[in-house]
2 protein chains.
Amino acid sequence: MKKIVILGASGSIGVQTLDVIAQHSDKLVCLGISVGQNIDWLKKHLIHHSYKLVVVKNQKDRDELSQLFPLQEFDYGDNGLLKLAILDEADTVVNALVGFAGLVPTLKAIEKGKDIALANKETLVVAGKLVMDTVKQYKVNLRPIDSEHSAILQALQGNSLDEVSRIIVTASGGSFRDKTREELKNVSVKDALRHPNWSMGQKITIDSATLVNKAFEVIEAHWLFNLPYEKIEVVIHKESIIHSMVEYFDGSIMAQLGSPDMRVPIQYALCGPSRLPLSGQRLNFNILSQLNFKPLDESFYPCFPMIIKAAQKGGNQMVIVNAANEAAVQLFLNEKIRFLQIEEIIKECLESIPYKEIMSIEEMVQLDHAIKQSVLNRYKETV
Amino acid sequence: MKKIVILGASGSIGVQTLDVIAQHSDKLVCLGISVGQNIDWLKKHLIHHSYKLVVVKNQKDRDELSQLFPLQEFDYGDNGLLKLAILDEADTVVNALVGFAGLVPTLKAIEKGKDIALANKETLVVAGKLVMDTVKQYKVNLRPIDSEHSAILQALQGNSLDEVSRIIVTASGGSFRDKTREELKNVSVKDALRHPNWSMGQKITIDSATLVNKAFEVIEAHWLFNLPYEKIEVVIHKESIIHSMVEYFDGSIMAQLGSPDMRVPIQYALCGPSRLPLSGQRLNFNILSQLNFKPLDESFYPCFPMIIKAAQKGGNQMVIVNAANEAAVQLFLNEKIRFLQIEEIIKECLESIPYKEIMSIEEMVQLDHAIKQSVLNRYKETV
């Protein structure tokens, strides 16, 4: 029996993880969850579920919930989150937090010997080396919850990493793939949130439209599979049917395909290489008819080359990119800036903040906070 | 060091196997070869190569070759072939013979504990149960040299057969896929031999045009992977880039893709799951642009459903189909019959020869010979 806690249980990945656990109660059990401010969801959820520990963001919510569910243990804030991440009885932490906030709980859980199922990609984006070194030191498994990295992991199964010649990460191209740069000037938040293939959280849907998400995935793949950037390619594949591919040095390519259903990578992260039965839509090649591919146009998606270049420089660069992007996406979602200002803000931050060599986790947290505050202040938003 | 003998060394697969062995002389060595009547090729080949044993079809050729290469040991005929198949020092037999002739040497090699790399698909088509039972009894490995079955094997690697929900075998549709049934009435041998994607031997190229080859591959897959026919689908995929796929019960599909290069399945059959480096053309998704799929039209390819139905009946049915097809293809290649008569001859044989339950290998050999003789006699051809 795998004993799981979920950080970020009320988001898209969190809810689907709860569904997977419910479908496989003979193999999986959930011991604790955290939610941020989605208290209405939590109130309904706790009518039918109880846990060793439930963590929320604010003390006020904790107090109210304790009144409503006197038998359930609650905690709150960053400390509560860390307590949940290292819960004694749990062996696996599903990290479905959004943004930089996912980093410290991941590290603490690894240090307590927990396996990690990681949906929070910022963890590896900002601190890939530190996280993977810690994974090695504490001999835990860290498995991706992400259709692309799960596809790569599945395509590596039964093969040797030494025989890999390249990884081909597919990209849908996001909500605005059929627009011109000119048209991007005035796109709305509503348009940006309309992803062509996947129903996901808001942050990742915007990151897909800017291709920041794809750059982050390349960086994640670099750390997860210990491959140089030269061996990681991106191709636009608008149907999102092939989730990614691995080419071996005999020229053979292994690909993983499927309908867009995040429960597949969730299950594989929890139980792989064993699979769990999952009902749902199946690919039908008699109807499917066509898979299309085209090169990534870097002039249409300038964030992509800018971020890959930053990642190759290393040091503080990805903390800067990530913090600038998180703040910019928040501003865009709140209609304080236009879509193309997201890339401008990332560029400005990269240019104005001096490069710095390898940093401690405390320095990363400080820098992240400082950048977000500075960007948000400029547009009168609070962190 | 893997010690190999090749049955059928001068054909398309045989020559490519020799190339693979030459490229990897640190891991592979060839101890013996057979060729049929391709004596000119053999004379050139033996100037630079020597083996423990070389087998040809006719005594006359053996005698001449012994004069030319006095230090090389030769043998001939069916007995020579069996001697090669069970050569003491060899651990692996590559069976690249064409047709029913491949069956007995395969069985004898298995009984001597040799691993089999099988390009001769008729072996499993006519006697799948017998062959797989023998494989189990003598605990040898039998691995397919065929792009489709190699793809399936690669897509199963690191996974469990128990978790497979279906296999999807891709089919190019063969030389005449863009014609109408009416146009098929008068197609030439030359047209039939022009396969859109693969350069292969004559027999298999004709079998691709009739889709007999694809029916045979479904039957092979049934035996190789111990799956019921209901779990094996065929889809027309004209680019032959995806070589086949395996769907698991979580809805995830693993596919193997590549340029058409038979050295990939040859290497995988010899050394899999380890891969060997292979230079050659790589897939470039920036140029590839499109993969197409469409349903198999059984009214255009009537051989396909006819043969699958026969295979499900079992007994002597696949010996009949295979013998009728081998004779018919020979007649077509020699311009004694028209293309559409191939399917007529198979149908007539299935209808006129009574069904019989499970047969001994001797009965199979007899029936095979009798059918071929009867079909060829009708058109004044000799076996």
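Here the structure is a predicted model, which means the values were calculated and not measured.

Rolled over the atoms, a probe as big as a water molecule pinpoints where empty space is left. Tallying each qualifying case throughout the model produces eight cavities of 30 Å³ or more. Here the largest cavity is characterised by a volume of approximately 140 Å³. Forming the walls of the largest cavity are 19 residues, and the residues nearest its centre are Gly-258, Ser-259, Asp-261 and Val-264 of chain A together with Asp-250 of chain B. For the lining of the largest cavity, the elements supplying multiple residues, two or more each, are helix H7 (147-156) and helix H12 (263-271) of chain A. For the lining of the largest cavity, the leading source of residues is H7 of chain A, giving three residues. For the lining of the largest cavity, a count of residues per class yields four nonpolar, 12 polar and three charged. Of the volumes computed, that of the second largest cavity is approximately 100 Å³.

Residues and elements named next belong to chain B. With their axes 8 Å apart at the nearest point, helix H11 (residues 212-224) and helix H14 (residues 303-313) run at an angle of 30° to one another. It follows from the interaxial angle that H11 and H14 lie roughly parallel. Seen along the crossing, H11 lies across H14 with a hand that is right-handed. Counted together, Val-212, Lys-214, Ala-215, Phe-216, Val-218 and Ile-219 of H11 and Cys-303, Phe-304, Ile-307, Ile-308 and Ala-311 of H14 form the full contact between these two elements.

Look at the two chain copies: a rotation about an axis and a shift along it is all it takes to match them. The operation relating chain A to chain B is a screw motion whose rotation component is 180°, with 0.0 Å of axial translation and a residual RMSD of 0.0 Å. Here the copies are linked by what is in effect a two-fold axis. Nearest to the rotation axis, the C-alpha of Gly-158 of chain A is located 2.0 Å from it, this being the minimum over chain A. The fraction of interface residues of chain A whose copies in chain B are also interface residues reaches 100%, indicating that both copies meet through the same surface.

In this section: the sheet that holds strand E6 (residues 115-118) of chain A. Residue and element names in this part refer to chain A. Pairing within the open sheet is parallel, and its seven strands lie in the order E4-E3-E2-E1-E5-E6-E7. Of all strands in the sheet, those with a lone pairing partner are strand E4 (74-76) and strand E7 (142-144), marking the two edges. On average, each strand axis in the sheet is inclined to that of its neighbour by 25°, with strand direction left out of account. Bridge count between E6 and E7: three bridges; the pairing is parallel. Bridge assignment links Ala-117 to a residue of E7, and that residue is Arg-143. Each of strand E1 (2-7), strand E2 (28-34), strand E5 (92-95), E6 and E7 is contacted by H12, which is oriented at about 165° to E7, the strand it contacts most.

Considering all chains together, one arrives at 54 salt bridges over all chains under this definition. Salt-bridge contacts for Glu-148 of chain A lead to Lys-214 of chain A; the nearest nitrogen and oxygen are separated by 2.8 Å. Taken together, the residues Glu-148 of chain A in helix H7 and Lys-214 of chain A in helix H11 (residues 212-224) connect sequence positions 66 residues apart. The partner of Glu-217 of chain B in a salt bridge is Lys-121 of chain B, with the nearest N and O atoms 2.9 Å apart. Taken together, the residues span a long stretch of sequence, with Glu-217 of chain B in helix H11 and Lys-121 of chain B in the loop between strand E6 (115-118) and helix H6 (122-137) at a distance of 96 residues. According to the relative accessible area criterion, Lys-121 of chain B is buried, its value standing at 5%.

What follows deals with the sheet that holds strand E8 (residues 164-171) of chain A. One open sheet holds the 10 strands; their spatial order is E13(A)-E9(A)-E8(A)-E10(A)-E11(A)-E11(B)-E10(B)-E8(B)-E9(B)-E13(B), and the pairing between them is mixed. Both edges of this open sheet fall to strand E13 (294-295) of chain A together with strand E13 (294-295) of chain B, since each of them pairs with a single strand only. Relative to E13 of chain B, strand E9 (residues 232-236) of chain B is paired through two bridges, and the arrangement is antiparallel. In the sheet register, Ile-236 of chain B faces E13 of chain B, and the bridge partner there is Lys-294 of chain B. Contacts from H7 of chain A reach E8, strand E10 (242-248) and strand E11 (253-257) of chain A together with strand E11 (253-257) of chain B within the one sheet, and its direction differs from that of E10 of chain A by about 40°.

Here the focus is the domain arrangement of chain A. Residue and element names in this part refer to chain A. We note that the domain assignment places domain 1 (2-145), domain 2 (150-302) and domain 3 (314-383) within chain A. Spacing between the C-alpha centres of domain 1 and domain 3 amounts to 25 Å. Opposite the 10 residues of domain 1 that make contact, domain 3 presents nine residues. Between domain 1 and domain 3 lies a buried interface of about 780 Å² when both sides are counted; carbon and sulfur atoms form 78% of it. When the area that domain 1 buries against domain 3 is broken down by residue, the three leading residues are Phe-100, Val-125 and Val-126, summing to 61%. Linking domain 1 with domain 3 are zero salt bridges. For the pair domain 1 and domain 3, the interface holds one residue pair in polar contact (both at pLDDT 80 or more). Sorting the residues of the side of domain 1 that touches domain 3 by element identifies helix H5 (103-111) and helix H6 (122-137) as the ones contributing at least two each. Per-element accounting of the side of domain 1 that touches domain 3 gives the leading share, five residues, to H6.

Our next topic: the side chain of Arg-166 of chain A. Tracing the backbone shows Arg-166 of chain A in strand E8. Within the local environment of Arg-166 of chain A, its side chain forms a polar contact with the side chain of Glu-233 of chain A, the two groups lying 2.9 Å apart. Side-chain polar atoms of Arg-166 of chain A contact the backbone oxygen of Leu-283 of chain B, separated by 2.6 Å. Leaving out residues up to four positions away in the same chain, Arg-166 of chain A has contacts with Lys-231, Glu-233, Met-245, Val-246, Glu-247 and Ile-253 of chain A together with Arg-282 and Leu-283 of chain B.

Conventions adopted
Residues numbered from 1 in each chain as written. Chains lettered and ligands numbered in written order. Predicted model: local features only at pLDDT ≥ 70, side-chain atom pairs only at ≥ 80, totals over all residues. Heavy atoms only, no water. 1 Å grid on protein atoms, 1.4 Å probe; cavity = no way out; pocket = protein on both sides within 12 Å on 5 of 7 lines; lining within 4 Å. Points joined across faces, edges and corners; volume = space filled by probe spheres on them. Helix = DSSP H or I, 4+ residues; strand = E, 2+ residues; numbered from the N terminus. Nonpolar A, V, L, I, M, F, W, Y, C, P; charged D, E, K, R; others polar. Axes fitted to C-alpha atoms, helices over the stretch in contact; angles between N-to-C directions. Parallel < 35°, antiparallel > 145°, perpendicular 65-115°, else oblique. Left-handed = near helix turned anticlockwise from the far one by under 90°. Contact = heavy atoms within 4.5 Å. Least-squares fit on C-alpha atoms with pLDDT ≥ 70 in both. Pairing = 2+ DSSP bridges. Salt bridge = Lys/Arg side-chain N within 4 Å of Asp/Glu carboxyl O. Buried < 20%, exposed > 50% of the residue type's maximum accessible area, 1.4 Å probe, protein only. Domains from an automatic or database assignment. Buried area = accessible area lost by both parts, 1.4 Å probe. Polar contact = N/O pair within 3.5 Å; in protein donor to acceptor, adjacent residues only side chain to side chain.

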